Structures are given as structure tokens and as C-alpha cells.
Amino acid sequence: MDIVAAVEGSTAAIGYGLAAIGPGIGVGLVFAAYIQSTARQPESSRMTLPYVWIGFAVIEALALLGIAFGFIWQGNL
Amino acid sequence: MDIVAAVEGSTAAIGYGLAAIGPGIGVGLVFAAYIQSTARQPESSRMTLPYVWIGFAVIEALALLGIAFGFIWQGNL
Amino acid sequence: MDIVAAVEGSTAAIGYGLAAIGPGIGVGLVFAAYIQSTARQPESSRMTLPYVWIGFAVIEALALLGIAFGFIWQGNL
């Protein structure tokens, strides 16, 4: 019995993969809402644009935290 | 029996990844709703903005709790 | 009992597979919003097009990061 588990790699890859599901959908929702809003009310595009970037940033941060803590929990940092 | 487990890392990474799915979608829904509402009724933007931040905070807290309890359940804290 | 686990491969493949779920839906939402908006308000197509590409880029990046970190966490890089 030489090899018990032939699957190799780190759980951090699975963790990041899972952490990217939600932000992938969430950022898509934000941009989709902005595209539809701007098409209907073009005069509102300047008013809602800051919230596109804020929403994008706070949602994307969830995925990027998955990268950071993947390294941390792997024990590399 | 040389190699027992070739997969390394912590289940905390998987836990955080799962915990980030819902908040990623949820925060996206909140910001998407605010962008569309503000575009249609610009005079409502000041009235609904506090609820964007409250909603964002309580949803994002779910993902950040995943980080905190990842460390706790790993036994590091 | 020579072989205990016959499943082989890397967790990076699972990680990327998971990381492709969310961006797959998210980019679809962005393009769907642009198609519907442009069909209703054709004069808005030039105004909203930049946000289609920005949204596409930032969402697709989440999936491509899954490829990059799959290699990194596997220990090849």
C-alpha cells in the first residue's frame, strides 16, 4: 500500500473556486442593472455610477479574500 | 505507507469559499436594486441609501464570519 | 489491498470548475442586459457598451484567476 490518496493539490484551490461563484454572479447583477438603468434613463448614469464601483469593489473583495486566506490557511504565510 | 494524504490545506478555505457564495450574490442584488431604483426615481436616492449600507453590512458580515470561524475551528485561536 | 484510492488528479481542476460557475452566469447577465437595453433603446447602445466590456473583463478575471492560482497552489510555480 504505497499510495493512499492520488489526488493532490491544495484545498485553497477549491476554496477560491467556491468563493468566486457568488462574486461572479453579484458583479454581473450590478453591471446588468447599470446597463439597463442607463439605457432607460440616460440622465441617471452619472448619479448611479459611483454605486457601480462601490458595489463592484465590495463584492469582488469577497473573491480576493478567498485568495488571501487560501495562502494563509495553507500555512505559507 | 509512504503518502497518506497528498491534498494539503485546511477545510477553513473550503468553508470560507462556501460562505462567500451567498453574500456575493446578495450584495449584488442590493446594489442592483439601488441602481435601478435611483435611475427610475432619482428623488428616492437619499431615502433608500441607508438601507443599501445596512443591507451591505449585514450580508457582508456573513462572509467575514466565515473567516473568523475558519480560524477558530482550525484551532489556531 | 494494493490500491486504496484510484481517483487521481489535482484539486486545481475542481477549483477552476467551481470558479467558472459564477462568472459564467455573471457575464451572461451583463450581455443579456445589454441586448435587452439596446433592443428597447437603440440610441443608448453606444453609451452602455463600455460598461459591457468593463463588466465582462472584471467578471471573467475571476475565472481566469482560478487557472492561475490552480498552478500556484499545486506547487508547480
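Residues numbered from 1 in each chain as written. Chains lettered and ligands numbered in written order. Predicted model: local features only at pLDDT ≥ 70, side-chain atom pairs only at ≥ 80, totals over all residues. Heavy atoms only, no water.

Chain A appears in an unreviewed UniProt entry as ATP synthase subunit c from Salinispora arenicola. In its Sequence similarities (unreviewed entry) section, UniProt records this for chain A: "Belongs to the ATPase C chain family." (UniProt positions renumbered as here; feature names shortened; annotations may be inferred.)

Another point: the sheet that holds strand β1 (residues 8-10) of chain C. Across the sheet, three strands lie side by side as β1(B)-β1(A)-β1(C); this open sheet has parallel pairing. Looking at which strands have only one partner, the edges of the open sheet turn out to be β1 (7-8) of chain B together with β1 of chain C. (Pairing = 2+ DSSP bridges. Helix = DSSP H or I, 4+ residues; strand = E, 2+ residues; numbered from the N terminus.)

Looking now at the UniProt feature "transmembrane region" (unreviewed entry) in chain A. The UniProt entry lists residues 12-35 and 47-73 of chain A under the feature "transmembrane region" (unreviewed entry), expressed in the numbering used here. In residues 12-35 of chain A, helix accounts for 96% and strand for 0%; the two terminal C-alpha atoms are 34 Å from one another.

Residues and elements named next belong to chain B. Residues L62, L65, F69, I72 and W73 make up a contiguous nonpolar surface patch of roughly 550 Å² in combined accessible area. Structurally, the position occupied by L62 is in helix α3 (residues 45-74). Taking the relative accessible area as the measure of exposure, L62 reaches 52% and is therefore exposed. (Patch = residues over 30% accessible without salt bridge, like charges linked within 9 Å, V, L, I, M, F, W, Y side chains within 5 Å. Areas by Shrake-Rupley, 256 points an atom, 1.4 Å probe, with all protein chains shown as cover. Salt bridge = Lys/Arg side-chain N within 4 Å of Asp/Glu carboxyl O. Buried < 20%, exposed > 50% of the residue type's maximum accessible area, 1.4 Å probe, protein only.)

How two aromatic rings sit relative to each other is set out by the distance from centre to centre and by the angle between their planes. Under the defined criterion, the tally for this structure stands at 20 aromatic pairs over all chains. For the pair F71 of chain A and F69 of chain C, a centre-to-centre distance of 5.9 Å together with 70 degrees between the ring planes defines the contact as edge-to-face. Taken together, the residues span two chains, with F71 of chain A in helix α3 (residues 45-74) and F69 of chain C in helix α3 (residues 45-74). Note on F69 of chain C: relative accessible area 13%, which makes it buried. Ring geometry for W53 of chain B and F56 of chain B: centres 6.2 Å apart, planes at 80 degrees, overall edge-to-face. One end of the pair, W53 of chain B, and the other, F56 of chain B, are both in helix α3, three residues apart, so they sit about a helical turn from each other. The class for W53 of chain B is partly exposed, based on a relative accessible area of 33%. Aromatic ring contacts, followed pair by pair, group Y16 and F71 of chain A together with F69 and W73 of chain C into a single cluster. (Phe/Tyr/Trp six-rings, centres within 6.5 Å; stacked < 30°, edge-to-face > 60°.)

Moving on, we come to the interface of chain C and chain A. Each partner contributes residues to the interface: chain C has 43 residues there, and chain A has 44 residues. Of the roughly 3600 Å² buried between chain C and chain A, counting both surfaces, carbon and sulfur atoms make up 74%. Elements with a minimum of two residues in the side of chain C that touches chain A: β1, α1 (11-19), α2 (21-40) and α3 of chain C. Here the residues of the side of chain C that touches chain A are counted per class, giving 26 nonpolar, 14 polar and three charged. Inspection of the sheet shows strand β1 (residues 6-10) of chain A paired to β1 of chain C by three bridges, in the parallel sense. Across the sheet, V7 of chain A pairs through a bridge with G9 of chain C, a residue of β1 of chain C. (Contact = heavy atoms within 4.5 Å. Buried area = accessible area lost by both parts, 1.4 Å probe. Nonpolar A, V, L, I, M, F, W, Y, C, P; charged D, E, K, R; others polar.)

Below, the discussion takes up the side chain of S10 of chain B. Residues and elements named next belong to chain B. Checked against the element boundaries, S10 lands in the loop between β1 and α1 (11-19). On the basis of relative accessibility, which here comes to 10%, the residue S10 falls in the buried class. In terms of polar contacts, S10 uses its side chain to reach the side chain of Q74, at 3.1 Å. (Polar contact = N/O pair within 3.5 Å; in protein donor to acceptor, adjacent residues only side chain to side chain.)

A few words now on α2 of chain C. Taking 1.5 Å per residue, 20 residues should reach 28 Å; α2 of chain C reaches 29 Å between its end C-alpha atoms and fits that length. Buried residues of α2 of chain C: G22, P23, G26, V27, V30, A33, Y34 and S37 of chain C, and no others. One side of α2 of chain C carries all its buried residues, which in axial view fall inside an arc of 125 degrees. Seen from the buried face of α2 of chain C, the exposed residues on the opposite side, beyond 90 degrees, are G24, I35, A39 and R40 of chain C. Where the residues of α2 of chain C are buried, they touch α2 (21-40) of chain A together with α1 and α3 of chain C. (Expected span 1.5 Å × (residues − 1). Arc of directions from axis to C-beta.)

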